[in-house]
Amino acid sequence: MYRYDSTDQQIIDERVAQYRDQMARHLAGELSGDDLRPLRLQNGLYIQRHGPMHRIAVPYGMLSSAQLRKLAEISRRYDRGFGHFTTRHNMQFNWPKFEETPEILAELATVQMHAVQTSGNCVRNVTTDHFAGVAPDELADPRPYCEIIRQWSTFHPEFAFLPRKFKIAVNGAASDRAVIRAHDIGLEIVRDEAGSIGFKVFVGGGLGRTPILGQVAREFLPRRHLLSYIEAVLRVYNRYGRRDNAYKARIKILVQALGIEEFKRQVEAEWAHLEDGPATLTDTEFARVAAHFAPPAYESLPAADAGFAARQNDDKAFANWVKRNVHAHKVPGYAAVTLSLKKTGAAPGDITDTQMCAAADLADRYSFGELRVSHEQNLLLVDVKQSDLYTVWQIARAQDLATPNIGLLTDMICCPGGDLCSLANARSLPIAEAVQTKFDDLDYLHDIGDISLNISGCMNSCGHHHVSNIGILGVDKNNEEWYQITLGGQQGNDATIGKVIGPSFTAEEVPAVIGALIDVYIELRTPSERFIDTLQRVGSEPFKARAYAGRDRRKPAVAANDAQPTPAKVANA
Amino acid sequence: MPEIIKNGAIVADSWQLFKLAAGETAETVALPAGPLLVPLAVWLARRQELAARGEADSNPLGVWLDAGEGPEALAGDLDRLAVVGVNFPKFTDGRSYSSARLLRERYGYTGEIRALGDVLYDQLFAMRRCGIDAYALRADQNLEKALAGFATFSETYQAAVDQPQPLFRRRAA
C-alpha cells in the first residue's frame, strides 16, 4: 500500500497543527461555532444526536495492521471501545469528546491516517473495489489512481467550498464493485484499441433524495489527462452548480439541468485550456505511486490446495463459510476472505477494539499485514493461502468475525440511523436487527441465496437502499417512524435504482413484510434464479400484493404514494 | 484608515468599495472621488468614462466581481484595471477561488486581486494559492494573527497560481 514520504507526512502533521489551532481558537472564543463548522467538518467532526462523531478516512479502503491497531487503541482511549465502518471507506467514532479530537488526529497521523475531507462540501475520500489488485477479473489495479486522486484532492485550494460534497469512485475490474455510477464522478478503467490504459468517465450519479445514475462524459480519457479532466469537471461544477438550495446542489442536478451534451461541451471547453498543462500525469509519477501497490511476495502454489478441499468435506460449517466468505484470487493457491461485520445483534459495520486487534493479527500472520474495508461495511483479508483458510476461519469465528453470510440477506448495508445520527428521520439499527433475527436460520439464508437488503434512516441514503434488491427507507410522518420499501435496485454493472412499492410500514411490520417478499420469491423462482432475477421476470406485482395482504390499514391521507416524506435534513451538521 | 493584508503585510488602504444601493442604477449613479472599486455592472455600463478616470493618478480604478460573475466579462479590460476584487458573500461560497485562478492563469492579469466579503484567517492560504494577493478581511478578524494563516502548509500537492508545478513534477526532479 502507499507509504508516505517525508513530504506527505509533513503535510498531514501540518494539518493536525492547523486543526489544533482552530479548535483552540474556538474554545478561546476567537472562532465562532458557525465559522468553525465547515472547518471541523473537513476534519471529519460532526455534532450528532448525542454529541460529536468523528469520521476517519480509510483511503480507498486500504488498512495496514498497524493502522487498524491504532484505530483500536483510539477506540479504547477516546471512545467506547468500538468503531463503525461506513459505506465510503471511513471509520466513525460515535463517542469522542469534542476537545479531544485534535489528539485523535495527532494519533492517526503517526500511522499515516487522517480525517481529511471526510465531510464538508469538498472532494471526499475516493473509493474503489475491495478486491483491487487481487481480483481475477481485473483489467488494472485502481489503487494507484485512487492515491493520485487523493493527493490531488487533498487541500485543493480551488475546490474546498464546492456547492455540495463530491464523491469519486474508481473501478478497474470487469465487474463494478465500487458502484461507480452512484458517484459524482465514476471512473472505469478501460483500454483503447491500441491497448493504452484510460478511463470511461461517468458524471452526475448519486443516491440521496434524487437518485440518479451517472452518465457517460467521456468514453475514453487517456490516463495522463486524469487530473486535468477532473479539474475541468470540478471547475464547471464549482462555478455553475446551484448554491441556492442544498437539495439541488449536487453535480447531478447541474448535469440534469444542462443535459449531458451541454454539460460535456462546457467541460470540454474548460478542459481545452488545461489539456497538457502541468496537471498532466507523468509516467514517472504513475510508476512511483504504482510501485507502492506492487504484488506482495506470493509463494508458488498449486491452484487448489488438497487439504483445503478435504476440510470443506469434513466440516460443513467451514464449507458454508467458504461458500459465502471466501473469494477467488488471481494468484493460484490464494483466496480473499471477508470478515463479516454483520453478525445478528451487532450493528452492521460495527467492530470492537478486540476484533480490530484480532483482525490485525490475522493480517500479519496470514495476509501480508494488510486489510481492506468494503463499501458493504465488512473487513477483508485479500491475500490468504488456501492452506491457511481453516485456521483463519477458526480464529475469526472465535472473534465473531466469521458469520457465513456475505451476499446474503443479513449482509445488509445499514446507516447508523436515528439512534445516533441527527439527520435521520427514523431508526435503522433496530430494523436491521429485527430482519436479521427473523432470518437467523443459516440453512434458510443460504437457500434464499444472493440478495441485497439495505437500510437508510433518511433520504440522504447513506445506507444505499436505492441500489439494493430490497431497500428500506426510514421516513418520518407526524413524528412517527415509518418505513418505505423499494424493490429492484441493484449495484454492479447493471446498476438500477429500486422503485417504491407503495405506502410505508410500521417498524413492527417490516420483518413480516420482508418475509412476505421472500416467500413470493421462494414460490416463484426457477432453480437457477436469484431474487433479483425472479423479480425482473415476474415483475413487482406479486410481491406488492403479498406485502400488503392483510395490511389494508392505509388511511386516505397517506394512501397516495407517500414518497414525499418529511424533507431530510441536509448532511453536514 | 482601514487596513488590509497585501503581499503578506498589513497596510493602510484608501480604496473604497462601491456598491449600488437600492434604487441606484449603474448608468447614472454618482461615483465618489479617489481610488474606487466599482461593481461589474457599473464598469460595463460606463467603460469609457471610467477608463478615462482611471488614468488619473488620484483616481485609480478597479472592478469587483461578485461570486457569480465570471472574469470573462473583464477579459479585454484587465490592463486598464489596477485592482480586481473577488467577492466571497459567505466564506463557504467558493466560486471566487475559480475566478481568481482564471484571472491569473487564463487572462494573465498581473494587477492586484483583492478578496472581499467574508474573508477569514482560515481561508487565506487557499486564497493566496489561487492568485489572490490582497485581503480585505471581515471586520472582526485580527489581522496580526491572520498573517499566520499564510504559513499553514509548507508544501502542497496541486499546481496552482503560487506553485505552477504540482508536487509530483517537483518530486520527480
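Residues numbered from 1 in each chain as written. Chains lettered and ligands numbered in written order. Predicted model: local features only at pLDDT ≥ 70, side-chain atom pairs only at ≥ 80, totals over all residues. Heavy atoms only, no water.

**Student:** What is the right way to read the pairing of strand β2 (residues 9-12) of chain B from this model?
**Tutor:** Every other side chain in a regular strand lies on the same face of the sheet, so the side chains alternate between the two faces. Residues and elements named next belong to chain B. With four bridges connecting them, strand β1 (residues 3-6) and β2 associate as antiparallel partners. In the strand pairing of β2, glutamate 3 is matched with alanine 12. Where β1 hands over to β2, the hairpin turn is made up of two residues, of which asparagine 7 adopts a positive phi near 50 degrees. (Pairing = 2+ DSSP bridges. Helix = DSSP H or I, 4+ residues; strand = E, 2+ residues; numbered from the N terminus.)

**Student:** Could you clarify how one ought to interpret the layout of surface pockets in this entry?
**Tutor:** If a probe as big as a water molecule is rolled over the atoms, it shows which places are left empty. Residue and element names in this part refer to chain A. If you add up the space inside the largest pocket, you get close to 960 Å³. What lines the largest pocket is a set of 36 residues, and nearest its centre among them are Arg177, Glu376, Gly407, Asp450 and Gln491. Top element by residues in the lining of the largest pocket is helix α17 (residues 531-538). It accounts for three residues. Looking at the lining of the largest pocket residue by residue, the class counts come to 10 nonpolar, 16 polar and 10 charged. (1 Å grid on protein atoms, 1.4 Å probe; cavity = no way out; pocket = protein on both sides within 12 Å on 5 of 7 lines; lining within 4 Å. Points joined across faces, edges and corners; volume = space filled by probe spheres on them. Nonpolar A, V, L, I, M, F, W, Y, C, P; charged D, E, K, R; others polar.)

**Student:** Would you take a moment to explain the sheet that holds strand β2 (residues 52-57) of chain A for this structure?
**Tutor:** Whenever strands of a sheet pair, they do so through backbone hydrogen bonds, lying parallel or antiparallel. Residues and elements named next belong to chain A. Reading across the sheet, the five strands line up as β1-β2-β5-β4-β13 and stay open at both edges, with antiparallel pairing between neighbours. What marks the edges here is a single partner per strand, and that holds for β1 (45-47) and β13 (350-352). Between one strand axis and the next, the sheet turns through 30 degrees on average, direction left out of account. Pairing analysis gives two bridges linking strand β4 (residues 82-85) to strand β5 (residues 90-93), with the strands arranged antiparallel. Looking at β5, one finds that histidine 84 is bridged to glutamine 92. (Axes fitted to C-alpha atoms, helices over the stretch in contact; angles between N-to-C directions.)

**Student:** How should I be thinking about unusual backbone geometry in this particular structure?
**Tutor:** Across the chain, the bulk of peptide bonds are trans and the bulk of non-glycine residues have phi less than zero. All names here are of chain A. Even without glycine at this site, glutamine 117 takes up a positive phi of about 55 degrees. Tracing the sequence through the fold places glutamine 117 in the loop between α4 (101-109) and β6 (127-128). Using a relative accessible area of 5% as the deciding quantity, one classes glutamine 117 as buried. Backbone geometry at aspartate 400 places phi at a positive 60 degrees, although glycine is not the residue there. The topology assignment puts aspartate 400 in the loop between α13 (389-398) and α14 (429-438). Its relative accessible area of 39% is what places aspartate 400 among the partly exposed residues. (Buried < 20%, exposed > 50% of the residue type's maximum accessible area, 1.4 Å probe, protein only.)

**Student:** Explanation requested: helix α12 (residues 353-366) of chain A in the structure shown.
**Tutor:** Within an α-helix, residues lying three or four positions from one another point in the same direction, as the helix has 3.6 residues per turn. All names here are of chain A. Its 14 residues place the ends of α12 20 Å apart at the C-alpha level, agreeing with the 20 Å of an ideal helix rising 1.5 Å per residue. Buried residues of α12: Asp353, Gln355, Met356, Ala358, Ala359, Ala360, Leu362, Ala363 and Tyr366, and no others. Once α12 finishes, phenylalanine 368 follows within two positions and takes phi at roughly 60 degrees, a positive value. (Expected span 1.5 Å × (residues − 1).)

**Student:** I tried to follow the environment of Tyr121(B) on my own but got confused; where do I start?
**Tutor:** Its location among the elements puts Tyr121(B) in the loop between β7 (112-117) and α4 (124-129). In this structure the C-alpha to C-alpha distance between Tyr121(B) and Asn59(B), which are 62 residues apart in sequence, comes to 30 Å.

**Student:** Please explain the pattern of salt bridges as it appears in this structure.
**Tutor:** Any two side chains of opposite charge can pair if their charged atoms end up close together. Taken as a whole, this structure holds 57 salt bridges over all chains when the rule is applied. With a closest N to O distance of 2.7 Å, Arg106(B) and Glu270(A) form a salt bridge. Linking Arg106(B) in helix α3 (residues 95-106) with Glu270(A) in helix α8 (residues 260-274), this pair reaches from one chain into another. For Glu270(A), a relative accessible area of 8% gives the class buried. One salt bridge in this structure joins Arg530(A) and Asp533(A), with 3.0 Å as the shortest N-O distance. What emerges from the salt-bridge pattern is a single network uniting Glu158(A), Glu231(A), Arg235(A), Glu270(A), Arg101(B), Glu105(B) and Arg106(B). (Salt bridge = Lys/Arg side-chain N within 4 Å of Asp/Glu carboxyl O.)

**Student:** So what exactly am I meant to see when it comes to the interface of chain A and chain B here?
**Tutor:** Reports of interface size often rely on the accessible area that becomes lost once the parts have come together. Taken together, the contact between chain A and chain B spans 48 residues of the former and 40 residues of the latter. Across the chain A to chain B interface the summed buried area is about 3,500 Å²; carbon plus sulfur atoms make up 53%. Of all residues in chain A, Pro157(A), Phe161(A) and Arg239(A) give up the largest surface area on contact with chain B, accounting jointly for 21% of the area buried on that side. Residue Glu72(B) is joined to Arg239(A) by a salt bridge in which the shortest nitrogen-to-oxygen separation is 2.7 Å. Here chain A is connected to chain B by 23 residue pairs in polar contact (both at pLDDT 80 or more). The greatest single-element share of the side of chain A that touches chain B, amounting to 10 residues, is contributed by helix α1 (residues 6-27) of chain A. Of the residues contributing to the side of chain A that touches chain B, the split by class is 16 nonpolar, 14 polar and 18 charged. (Contact = heavy atoms within 4.5 Å. Buried area = accessible area lost by both parts, 1.4 Å probe. Polar contact = N/O pair within 3.5 Å; in protein donor to acceptor, adjacent residues only side chain to side chain.)

**Student:** For this particular structure, what's the right way to read the side chain of Thr338(A)?
**Tutor:** Residues and elements named next belong to chain A. For threonine 338, the position within the fold is in strand β12 (residues 334-339). Among the residues examined, threonine 338 registers a relative accessible area of 4% and is labelled buried. Here the side chain of threonine 338 touches histidine 327 through a polar contact of 2.6 Å, side chain to side chain. Filtering out sequence-adjacent residues up to four positions away, threonine 338 remains in contact with Trp321, Asn325, His327, Asn378, Leu379, Leu380 and Ile406.

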